[in-house]
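# Coordinate inspection notes
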Amino acid sequence: MTIYFYSTREQYGCFSNFSSHGFELDGLYWPTSEHYFQAQKFVGTPHAEQIRLVKTPKDAARMGRERTRPLRQDWEQVKDNIMRHAVVRKFQTHTDIRDILLSTGDEEIVENSPIDFYWGCGADGSGKNMLGKILMEVRDMLRYTHSTDADNGTVK
Ligand SMILES: Nc1nc(O)c(N)c(N[C@@H]2O[C@H](COP(=O)(O)O)[C@@H](O)[C@H]2O)n1
């Protein structure tokens, strides 16, 4: 059965980039994967650090979406990999949510955003669901790197 997520307050809310699961990446601490993703739009400028330091992922998203400053030129080419990087690190850092992701087996995971047709499935389900796809890729990867060894009960 397809697993839908969107709000951090609902089931599987930990799959959202707005969930409070911070991590270290590129030598800095990021309060959420949304902070990391939005800041990368302005990497190498003071605005990236301003985004990293805001209190909530909602503020980070708002600042990242403002078009008063130019986006990095290669954004469209690099944005999927940046998202992948953030999601991998988030689920490598937090065992509890890694277990939740692994517990979804081979089910399809969909970001059920009514407004986002790129990262989510959009209002009519026709969106690309790139965040869901990345979560499924990361799940496959973690299955290998964190699988339980049935012979001795240790975690690889
Ligand atoms: N909660 C929420 N509100 C929105 O308005 C959204 N678009 C999303 N989707 C998330 O937005 C992030 C990317 O946004 P931009 O590409 O910067 O517009 C990403 O985290 C999506 O999962 N979520």
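Everything below is about the structure printed above this text.
Not measured: the values here are computed from a predicted model. (Residues numbered from 1 in each chain as written. Predicted model: local features only at pLDDT ≥ 70, side-chain atom pairs only at ≥ 80, totals over all residues. Heavy atoms only, no water.)

## Description of the site of the ligand
Close contacts around the ligand come from 14 residues, with Asn17, Glu34, Lys41, Arg65 and Glu111 the closest. Note that an oxygen atom of the ligand is positioned 3.0 Å from one of the side-chain N or O atoms of glutamine 38. Contacts to the ligand include arginine 65, whose side-chain N or O atom sits 2.8 Å from an oxygen atom. For the ligand, whose accessible area on its own is 500 Å², the fraction buried by protein is 80%. Of all the elements, helix α1 (residues 33-40) adds the most residues to the shell around the ligand, at three residues. Tallied by class, residues from the shell around the ligand come to seven nonpolar, two polar and five charged. (Near = heavy atom within 4 Å. Polar contact = N/O pair within 3.5 Å; in protein donor to acceptor, adjacent residues only side chain to side chain. Areas by Shrake-Rupley, 256 points an atom, 1.4 Å probe, with all protein chains shown as cover. Helix = DSSP H or I, 4+ residues; strand = E, 2+ residues; numbered from the N terminus. Nonpolar A, V, L, I, M, F, W, Y, C, P; charged D, E, K, R; others polar.)

## What to know about the side chain of serine 16
Within the element layout of this structure, serine 16 appears in the loop between β1 (3-5) and β2 (23-25). We classify serine 16 as buried; its relative accessible area is 3%. Those residues within four positions of serine 16 in sequence are excluded, and the remaining contacts are Phe5, Tyr6, Thr8 and Lys90. (Buried < 20%, exposed > 50% of the residue type's maximum accessible area, 1.4 Å probe, protein only. Contact = heavy atoms within 4.5 Å.)

## Re the packing of helix α5 (residues 95-102) against helix α6 (residues 130-145)
Relative orientation of the contacting elements α5 and α6 amounts to 105°, with a least axis distance of 10 Å. Judged by the inter-axis angle, α5 sits roughly perpendicular to α6. Residues Arg98, Leu101 and Leu102 of α5 lie in contact with α6, whose contacting residues are Leu135, Val138, Arg139, Leu142 and Arg143. Residue composition of the contact of α5 with α6, grouped by class: five nonpolar, no polar and three charged. (Axes fitted to C-alpha atoms, helices over the stretch in contact; angles between N-to-C directions. Parallel < 35°, antiparallel > 145°, perpendicular 65-115°, else oblique.)

## A short note on the environment of cysteine 121
Of note, cysteine 121 is situated in the loop between β4 (109-111) and α6. C-alpha separation for the pair cysteine 121 and leucine 135, spaced 14 residues apart in sequence, amounts to 14 Å. Apart from residues no more than four positions distant in its own chain, cysteine 121 is found in contact with Val110, Glu111, Asn112, Ser113, Asp116, Ser126, Gly127 and Asn129.

## Examining the environment of threonine 8
Here threonine 8 shows up in the loop between β1 and β2. Taking relative accessible area as the criterion, threonine 8 reaches 38% and is therefore assigned partly exposed. C-alpha separation for the pair threonine 8 and glutamate 49, spaced 41 residues apart in sequence, amounts to 24 Å. Apart from residues no more than four positions distant in its own chain, threonine 8 is found in contact with Gly13, Ser16, Phe18 and Ser19.

## Digging into the packing of α1 against helix α4 (residues 75-93)
At a minimum axis distance of 9 Å, the contact between α1 and α4 shows a crossing angle of 155°. Comparing the axis directions of α1 and α4 gives the class roughly antiparallel. For the pair α1 and α4, the sense of crossing is right-handed. Here Ser33, Tyr36, Phe37 and Gln40 of α1 come into contact with α4, specifically with Trp75, Lys79, Ile82, Met83, His85, Ala86 and Lys90. (Left-handed = near helix turned anticlockwise from the far one by under 90°.)

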